[in-house]
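A look at the structure
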Amino acid sequence: MGTYRDLEKALLSQSENQIYHSNYQSELYFYRAVQQGNLEQVTKLFTPLSTNGMGVLSKNSLRNIRYHFVVSVALITRFCIEGGLPTETAYTLSDLYIQRADTMTNEQSIADLHKEMIFEFTTIMQSKRTEHVMSLVVSQAVNYIHKNLRKPIKESEIAEALCVSSSYLSSLFKQEIGIGIKAYIQTARIEAAKNMLRYSDYDYSVISNYLCFSSHSYFISVFKKHTGMTPKEYRNRYFQSNWTE
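What this report covers is the structure whose coordinates are included nearby. Since the structure is predicted, the reported quantities are computational estimates derived from the model, not experimental observations.

Criteria and thresholds
Residues numbered from 1 in each chain as written. Predicted model: local features only at pLDDT ≥ 70, side-chain atom pairs only at ≥ 80, totals over all residues. Heavy atoms only, no water. Core = buried A, V, L, I, M, F, W, Y, C linked by side-chain atoms within 4.5 Å. Buried < 20%, exposed > 50% of the residue type's maximum accessible area, 1.4 Å probe, protein only. Helix = DSSP H or I, 4+ residues; strand = E, 2+ residues; numbered from the N terminus. Contact = heavy atoms within 4.5 Å. Phe/Tyr/Trp six-rings, centres within 6.5 Å; stacked < 30°, edge-to-face > 60°. Salt bridge = Lys/Arg side-chain N within 4 Å of Asp/Glu carboxyl O. Expected span 1.5 Å × (residues − 1). Arc of directions from axis to C-beta.

The tendency in soluble globular proteins is for nonpolar side chains to be buried side by side. Counting 30 residues, the largest nonpolar core has I145, I158, L169, F173 and L211 as the members making the most contacts within it. Per-element tally for this core: the top contributor is helix α10 (residues 181-199), with 9 residues. The residues touching I145, leaving out its near neighbours within four places in the chain, are I153, I158, F173, I181, Y184, I185 and A188. Grouped together as the second largest cluster of nonpolar side chains are 29 residues, A33, I118, M125 and Y199 included.

Structural data, given as C-alpha cells:
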C-alpha cells in the first residue's frame with residue numbers, strides 16, 4: 001500500500017508540473033526501426049538521450065541518465081534478438097556498452113555513447129537484412145556457436161545438442177549461411193576478437209586463449225587473413241580511447 005500511495009503522489013506531482021513520459025507508440029516505432037536496421041528512419045527519429053520526458057529514476061542527474069541509458073540498451077538488445085541477432089552477440093555488446101557508461105563522469109559523455117550504441121546496433125541489424133532467413137535448426141546452431149566460442153566446438157556436438165544428424169546439419173547450414181560450420185565458427189571468433197580489441201585492453205595472447213585459438217601465432221595468422229591487419233594493427237586503428245576516460 002505504501003508503494004501505491006507513492007505512485008498516487010508521483011502522478012499528482014507530475015500532472016501539476018506537466019511532466020510526462022515519452023509516447024509509448026513513438027518509442028516502439030523507433031525500436032522497430034533499429035530492429036529492422038533502418039538507418040534512414042533511425043536517423044530521422046533519433047533524439048539525444050536526456051532526462052526530459054523519461055521520468056526520474058534517481059535524484060542524482062548523472063545517475064539518472066546512466067539508468068536511462070541502461071534501460072535503452074536493454075530494450076534495444078531484446079528487440080535486436082527478436083530481429084535475429086545472435087543472443088550471445090547481443091548481450092555481450094550490451095554488456096560492453098553498459099560497462100563503458102559506468103565509467104563516465106558527465107551526462108554528455110553518456111548521451112554521446114547512447115548515440116553510438118543506437119547506430120552500432122542499427123548498422124549490425126542492417127547487415128543482417130541481406131542475410132537469408134534461417135530455419136529453426138540453423139538459427140539454434142548459430143546461437144549455440146556464439147554461446148560456446150570460449151571452448152572447442154565440434155560439429156558433432158552441435159548436432160547432438162540439436163538432436164539432428166551431423167550430415168543433415170552440415171548440409172543445411174552451408175545451404176542457408178553460405179559457408180560451412182567450421183568457417184562460420186572461425187569468422188565468429190574473429191568478430192569477437194575485433195570487439196575485444198576495440199573495447200578492452202586485454203593482451204593479445206589473452207584474447208587468443210579466451211577464444212580458443214590453438215596458438216597465438218595461429219590467431220595472428222587467421223586474424224590477418226580475415227581483416228588484412230594483425231591484432232596489434234587493428235587495435236591501434238580502432239581502440240576506443242574513451243573506454244578508459
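Turning our eyes to something else, we now look at the packing of aromatic side chains. On inspection of all chains with the given rule, the structure shows 9 aromatic pairs. Grouped by ring-pair contacts, the aromatic residues F213, Y218, F219, F223, Y234 and Y238 constitute a single cluster.

Inspection of every chain in the model, using the stated rule, returns 3 salt bridges. As a salt-bridge pair, E116 and R100 come within 2.9 Å of each other at their nearest N and O atoms. Of this pair, E116 sits in helix α6 (residues 107-129) while R100 sits in helix α5 (residues 87-103), and the two are 16 residues apart along the sequence. Owing to a relative accessible area of 1%, R100 belongs among the buried residues under this scheme. Here R198 makes a salt bridge to E120, at a shortest N to O gap of 3.6 Å. Separated by 78 residues along the polypeptide, R198 in helix α10 and E120 in helix α6 bring together distant segments of the chain. The pair formed by R198 and E120 is uniform in burial state, with each residue classed as buried.

To continue, consider helix α9 (residues 166-177). With 12 residues, α9 extends 16 Å between its outermost C-alpha atoms, agreeing within 8% with the 16 Å of an ideal straight helix rising 1.5 Å per residue. Within α9 the residues assigned to the buried category are L169, L172, F173 and E176. The buried residues of α9 occupy an angular sector of 105 degrees when the element is viewed end-on, so they sit on one face. For α9, the exposed residues set more than 90 degrees away from the buried face come down to S167, K174 and Q175. Directly beyond the C-terminal end of α9, a positive phi value near 100 degrees is found at G178.

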